[in-house]
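Below, each chain spelled out in residue letters.
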Protein chains: 2
Amino acid sequence: MKQQLSIIKIGGNIIENDAELLKFLTLFSQMTTPKILVHGGGKKANQVLQKMGIIPKMVNGRRITDAASLDVAIMVYGGLTNKKIVAKLQSLHCNAIGMSGADANAIQAHKRPVKDIDYGFAGDIDNINSDLIANLLNLNITPVFCALTHNQKGQLLNTNADTIVSELAIGMSVTFETTLYYCFELNGVLRDFQNKNSVLKNIDSDSYKALIAEGIISEGMLPKLHNCFHALKNGVKEVRIGNLALFDNVNTNYTTLVL
Amino acid sequence: MKQQLSIIKIGGNIIENDAELLKFLTLFSQMTTPKILVHGGGKKANQVLQKMGIIPKMVNGRRITDAASLDVAIMVYGGLTNKKIVAKLQSLHCNAIGMSGADANAIQAHKRPVKDIDYGFAGDIDNINSDLIANLLNLNITPVFCALTHNQKGQLLNTNADTIVSELAIGMSVTFETTLYYCFELNGVLRDFQNKNSVLKNIDSDSYKALIAEGIISEGMLPKLHNCFHALKNGVKEVRIGNLALFDNVNTNYTTLVL
């Protein structure tokens, strides 16, 4: 039987709220399975860009990672946010190690090819170094990943944290029974976006298709759930979506996805 | 017989010069013993402070690490500088992992007590987690440390890179035969500061005392050599001081310190 592994993604809204972050990290540190944390960026990078007088480059409403923005992403995601989470986890007796995809060659990627748009230093993932990550887990170390990858030629790349977490979960599923947690501001996937208590508790491949057809899953949730079912189809056992209730072992008010 | 370990400190002048840094990292990646790199800061942190409109706090000519300066140190040393070195080493097939003292609880410290001066978030080292670092080395991973430690209560601290490297070397000497390298802009410890070729090739405890008495070792070199002999007295086998010639296996124009 494979060993269990929990892989958790937290978004900007938790990172930016010190009290919420501490609450989450406390629950996270109490999880007894081997675990990996992936954190997104939050607004801090924008604040630093602004303070440094760097104007974010946008094309068709999408942020382009030019060299100056990449440096700020490395400073804020790879430095400030990542190290502060690691230090806090250490105080909670969780032996965390902060990592980008370059560290221990953990996440290999290539610069997104230019078609209509040059996204700059944006990385699409090629491979997860699952053996090495498993070795760290076996040392009772908890990797904490920021949303940076590298191309193995010396270039760091910006990669969406949702993509990182699902590719990590797929890569680790070869040796572990992996559960993927998306922790964000909502209670889960909602039937009615206006009603925060209308959580869809279980979604499988069939109901997923029906929910899309009905228009209940749309906009921001669509790429997130697409990522989740991609992970499930490629070896991840289960995906859970919700807020901190995902981890408190009391509340079951979240969404569980299975194939 | 103990396994050999090389611990190398590089200073700001190498970090700030892309060509020098690449030359160093190439030589470093070719070292066949297990190895650890420690890097100092350089002027980049000052540039970021300036761009962000933060005025460094000084007391009696000494820089104080206030909260804003610490954040910039975490961003620049722990983020930008560290991750760029790691990505470059990966491209040279050296399996580097970037670390602060908080990562894997590697370097434990406490905030320097306030006597005459409150140095702010400056950390004095209590302990090196040598078992865990040895485990990483056994996985063929090369730790790359920036000059940050933590107090195990969630607080990151700024610690002098020269101190970090000598304490690391002492800590690792329990299980390894450790050689410590200080790589900087000079060819070695100079008899005549005006003559860059007047390298003192060998210094031991006796000649060290004599050189201080003669006034040949003074000012900036004094704390550096004090650190070195502290390391030698506490288990480090040998210390070498010089520029890139330390690593090219051809030139022997550097200073070797032994007890």
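Each residue is numbered by its place in its chain's sequence as written, counting from 1. For this description, chains carry letters from A and ligands carry numbers from 1, given in the order in which they are written. Local features in a predicted model are, by the rule used here, given only for residues with pLDDT of at least 70; side-chain atom pairs are given and counted only at 80 or more, and totals for whole chains, interfaces and linings are based on all residues. In computing side-chain properties, one takes all heavy atoms of the structure into account and sets aside hydrogens as well as water.

## Some points on the relation of the copies chain B and chain A
Item 1. In this comparison the copies share one frame, found by least squares on the C-alpha atoms of residues holding pLDDT of at least 70 in both. After a rotation of 180° and a shift along the axis of 0.0 Å, chain B superposes on chain A with an RMSD of 0.0 Å. On the angle and the small slide along the axis, the relation comes out as a two-fold axis.
Item 2. Throughout, a residue-residue contact means that at least one pair of heavy atoms, one from each residue, lies within 4.5 Å. When the interface residues of chain B are mapped onto chain A, 100% of them again lie at the interface, so the same face is used by both copies.

## Details of the pairing of strand E2 (residues 35-39) of chain B
Residues and elements named next belong to chain B.
Item 1. Burial classes: relative accessible area under 20% of the type maximum marks a residue as buried, over 50% as exposed, and values in between as partly exposed (1.4 Å probe, protein chains only). Every helix listed is a DSSP run of H or I at least four residues long, and every strand listed is a run of E at least two residues long, numbered separately from the N terminus. Across the 5 residues of E2, 5 count as buried, placing the element largely inside the fold.
Item 2. By this definition, two strands are paired if DSSP reports at least two bridges between them. With 5 bridges joining them, strand E1 (residues 3-10) and E2 adopt parallel strand pairing. Each residue of the ladder has a partner; that of Ile8, found in E2, is Leu37.
Item 3. In terms of strand pairing, E2 meets strand E8 (residues 142-145) through 2 bridges, oriented parallel. Looking at E8, one finds that Leu37 is bridged to Val144.

## A look at helix H3 (residues 44-51) of chain A
Because an α-helix packs 3.6 residues into every turn, residues spaced three or four apart end up facing the same way.
Residue and element names in this part refer to chain A.
Item 1. Listed in full, the buried residues belonging to H3 are Ala45, Val48 and Leu49. Angular distribution of buried residues about the axis of H3 spans 100°; they occupy a single face of the element. Those residues of H3 that are exposed and aimed more than 90 degrees away from the buried face are Gln50 and Lys51.
Item 2. Positive phi appears at Gly53, one or two residues downstream of H3, with a value of about 75°. Read the arc as the range of directions from the helix axis to the C-beta atoms.

## Description of the packing of helix H2 (residues 18-30) of chain B against helix H4 (residues 67-91) of chain B
All names here are of chain B.
Item 1. For the pair H2 and H4, the least separation of the axes is 10 Å and the interaxial angle reads 55°. On the basis of their axis angle, the class for H2 and H4 is oblique. By crossing handedness, the relation of H2 to H4 is classed as right-handed. Counting all contacts with H2, which are made through Leu21, Leu22, Leu25, Phe28 and Ser29, the residues of H4 involved are Ile85, Lys88 and Leu89.
Item 2. Here the residues of the contact of H2 with H4 sort into 6 nonpolar, 1 polar and 1 charged. Axis lines are fitted to C-alpha atoms, over the contacting stretch for helices. Their N-to-C directions set the angle, which ranges from 0 to 180 degrees. Oblique is the label for any angle not under 35 degrees, not over 145, and not in the 65 to 115 range, which are roughly parallel, roughly antiparallel and roughly perpendicular in turn. If you view the pair so one helix is near and one far, a crossing is left-handed when the near helix is turned anticlockwise from the far one by less than a right angle, and right-handed when it is turned clockwise. Any residue outside Ala, Val, Leu, Ile, Met, Phe, Trp, Tyr, Cys, Pro, Asp, Glu, Lys and Arg is labelled polar, Gly included; the first ten of those are nonpolar and the last four are charged.

## A few points about the UniProt feature "binding site: substrate" (unreviewed entry) in chain A
Residues and elements named next belong to chain A.
Item 1. UniProt records the feature "binding site: substrate" (unreviewed entry) for Gly41, Gly42, Arg63 and Asn158 in the present numbering. Across 118 residues in sequence, these annotated residues keep their C-alpha atoms within 13.9 Å of one another, forming a single compact spot.
Item 2. Within the secondary structure layout, Gly42 lies in the loop between strand E2 (35-39) and H3.
Item 3. Ignoring sequence-local partners within four residues, the contact set of Gly42 consists of Gly12 and Glu16.
Item 4. Inspection of the secondary structure assignment puts Asn158 in strand E10 (residues 156-158).
Item 5. Residue class for Asn158 comes out buried when judged on its relative accessible area of 19%.
Item 6. Beyond its immediate chain neighbours, meaning those up to four positions away, Asn158 contacts Thr65, Leu70, Ala73, Tyr77, Phe121, Ala122, Gly123, Ala147 and Leu148. UniProt positions are given in the numbering used here, feature names are shortened, and annotations may be inferred rather than shown by experiment.

## A look at the sheet that holds strand E12 (residues 202-203) of chain A
Item 1. Reading across the sheet, the 8 strands line up as E5-E8-E2-E1-E11-E13-E14-E12 (chain A) and stay open at both edges, with mixed pairing between neighbours. For this open sheet the edge positions go to strand E5 (96-99) and E12 of chain A, each flanked by a neighbour on one side alone.

## Some details on the environment of B:Leu132
Item 1. Looking at the element boundaries, B:Leu132 is found in helix H5 (residues 130-138).
Item 2. The spatial distance from the C-alpha of B:Leu132 to the C-alpha of B:Ala106 is 7.3 Å, given a sequence separation of 26 residues.
Item 3. Contact partners of B:Leu132, with chain neighbours within four places excluded, come to A:Asn95, A:Ile141 and B:Ala104.

## With respect to the packing of aromatic side chains
Item 1. Here is the rule: rings of Phe, Tyr and Trp (six-membered ring for Trp) pair when centre to centre is within 6.5 Å. Planes less than 30 degrees apart are stacked, more than 60 are edge-to-face, and the remainder are tilted. Applying the stated rule across the entire model yields 8 aromatic pairs over all chains.
Item 2. A ring pair is formed by B:Tyr208 and B:Phe229, whose centres lie 4.3 Å apart and whose planes are at 15°; its orientation type is stacked. Of this pair, B:Tyr208 sits in helix H7 (residues 205-214) while B:Phe229 sits in helix H8 (residues 221-233), and the two are 21 residues apart along the sequence.
Item 3. You can call B:Phe229 buried: its relative accessible area is 2%.
Item 4. By definition here, charges over rings are those cases where NZ of Lys or CZ of Arg is within 6 Å of the ring centre and within 35 degrees of the ring normal. Here the basic side chain of A:Lys35 rests over the ring of A:Phe28, its NZ or CZ set 5.6 Å away from the ring centre.
Item 5. One Lys or Arg, B:Arg112, reaches over the ring of B:Tyr119 and ends 4.9 Å from the middle of that ring.

## A closer look at the interface of chain B and chain A
Item 1. At the junction of the two partners, chain B supplies 37 residues and chain A supplies 37 residues.
Item 2. Here the buried area means the combined drop in accessible surface, using a 1.4 Å probe, for two parts upon being joined, counting both sides. Note on chain B versus chain A: buried area summed over both sides is about 3,100 Å², and carbon and sulfur give 69% of it.
Item 3. Of all residues in chain B, the largest losses of buried area upon contact with chain A belong to B:Met52, B:Met75 and B:Lys83, amounting jointly to 18% of the total for that side.
Item 4. Here, a salt bridge means any side-chain nitrogen of Lys or Arg that lies within 4 Å of a carboxyl oxygen of Asp or Glu. A salt bridge links B:Asp103 to A:Lys83, with the shortest nitrogen-to-oxygen separation between them at 2.8 Å.
Item 5. We call two N or O atoms a polar contact when they sit within 3.5 Å, provided that within protein one can donate a hydrogen and the other can accept it, with sequence-adjacent residues counted only if both atoms are side-chain atoms. Inspection of the region where chain B meets chain A yields 10 residue pairs in polar contact (both at pLDDT 80 or more).

## Structural notes on the pattern of salt bridges
Item 1. For the structure on display, the rule yields 20 salt bridges over all chains.
Item 2. Here B:Lys9 makes a salt bridge to B:Asp162, at a shortest N to O gap of 2.6 Å. One end of the pair, B:Lys9, is in strand E1; the other, B:Asp162, is in helix H6 (residues 161-172), and 153 residues separate them in sequence.
Item 3. Shared partners join several salt bridges into a network, and the residues in it are A:Lys9, A:Asp162 and A:Lys224.

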